[in-house]
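Okay, here's what each chain looks like letter by letter:
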Amino acid sequence: MATRIDGKVISQQVIDDVAAGVDQFMTQHGFAPALAVVLVGDDPASHVYVRNKVKRAGEVGIHSIERRLPADTTQAELDAVIDELNSDDSVHGILVQLPLPPQLDESSVIARIRADKDVDGFHPLNVGALASGQPQLVPCTPLGCMIMLRQTLGDLSGKRAVVIGRSNIVGKPMAALLLQANCTVTIVHSKTVDAPALCAEADIVVAAIGVPEFVNRSWIKPGATVIDVGINAIELGGQRKLVGDVHYADVEAKAGAITPVPGGVGPMTIACLMQNTLTAAIAQTAQRS
Ligand code: NAP
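These figures come from a predicted structure and were not determined experimentally. (Residues numbered from 1 in each chain as written. Predicted model: local features only at pLDDT ≥ 70, side-chain atom pairs only at ≥ 80, totals over all residues. Heavy atoms only, no water.)

(A) Inspection of the pairing of strand S2 (residues 34-40) at higher detail. Counted residue by residue, S2 has seven buried out of seven residues, so it is predominantly covered. Residues Ala34, Ala36, Val38 and Val40 line one face of S2 and the alternating positions Leu35, Val37 and Leu39 line the opposite face, and both faces are buried. Here S2 pairs with strand S3 (residues 63-69) via seven bridges, running parallel. Considered in S3, the bridge of Ala36 is made with Ile65. What joins S2 to S3 is helix H2 (residues 44-60), and the crossover it makes is right-handed. As defined by bridge partners, S2 adjoins strand S4 (residues 93-96) across four bridges and the pair is classed as parallel. In the sheet register, Val38 faces S4, and the bridge partner there is Val96. (Buried < 20%, exposed > 50% of the residue type's maximum accessible area, 1.4 Å probe, protein only. Helix = DSSP H or I, 4+ residues; strand = E, 2+ residues; numbered from the N terminus. Pairing = 2+ DSSP bridges. Right-handed = clockwise from strand over helix to strand, strands pointing away.)

Next up, the structure:
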């Protein structure tokens, strides 16, 4: 049976390290790192995500600033809020909760955030830095996956890794980080021919697809490490249940280690957001002194 990679335990270690770093930062500078979270509209899931981020920030001593805007906010109004946060030296990290209402252009919003305050790591400059092997602020979910992989496997050099999914927020940055760690990386997507055979050669499989329990044991090499990024709500016996992109019960018998859903990658994402906020605050204050 595979070892269960416990995201709650590992994320708590990250949180403890960030809290210690925040303490040190405050002693040095006399103020706390600050994270601004911008939420536009009434999407219930987004409200839950923002609440959790603000709560976690409070736990590690990061000051959070919430900017809630109505669903009919115009591009010019949102741009003005971002510009104000960009020029405020007491704000070190800016996060605009996605998705945005349809009248707003996500790409232009992401590009408007100052790159050194882009704690989501989505700004084109941060994307380019990662792609060219000089990562600065890195997207939180893949960063969390890398921490779990390093804790489980140690040095990743020479491992064969398959990333299923090529989104800008998970698949592509995940592949770039694995490459940076000297893995031999294959990206699988919806047009890939014979994805299961490619995955079955991998020492590491990262699934970020968005299809419930899509990956079964036929995709997995015996002893492989499986990271399940997927979070899918399904109905089972009239009850709502969260499952990943990997069929946990099926794959558990063949993999060497596997992350559960929930309690795997999910908690790592928020922990890494806190880590990125501290990283951004340290970099900005160093530049000013
Ligand atoms: P996304 O933007 O929808 O991308 C999904 C990717 O999966 C696409 O690249 C797509 O390929 C690929 N795909 C879809 N069907 C496939 C198939 N049959 N075979 C191979 N590849 C296939 O999704 P995302 O934002 O990356 O998120 C993926 C999952 O992770 C979702 O369940 C999401 O909720 C979850 N997630 C979790 C966290 C967390 O904190 N744990 C964070 C972010 C996302 P094409 O490009 O060819 O269409």
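On we go.
(B) The arrangement of helix H3 (residues 75-87) in detail. The terminal C-alpha atoms of H3, which comprises 13 residues, lie 18 Å apart, in line with the 18 Å expected from a rise of 1.5 Å per residue. All buried positions along H3 are accounted for by Leu78, Asp79, Val81, Ile82, Leu85 and Asn86. Viewed along the axis of H3, the buried residues span an arc of 160°, placing them on a single side of the element. The exposed residues of H3 that point more than 90 degrees off its buried face are Ala76 and Ser87. As for H3, its buried residues are in contact with S2, S3, S4 and helix H4 (106-112). (Expected span 1.5 Å × (residues − 1). Arc of directions from axis to C-beta. Contact = heavy atoms within 4.5 Å.)

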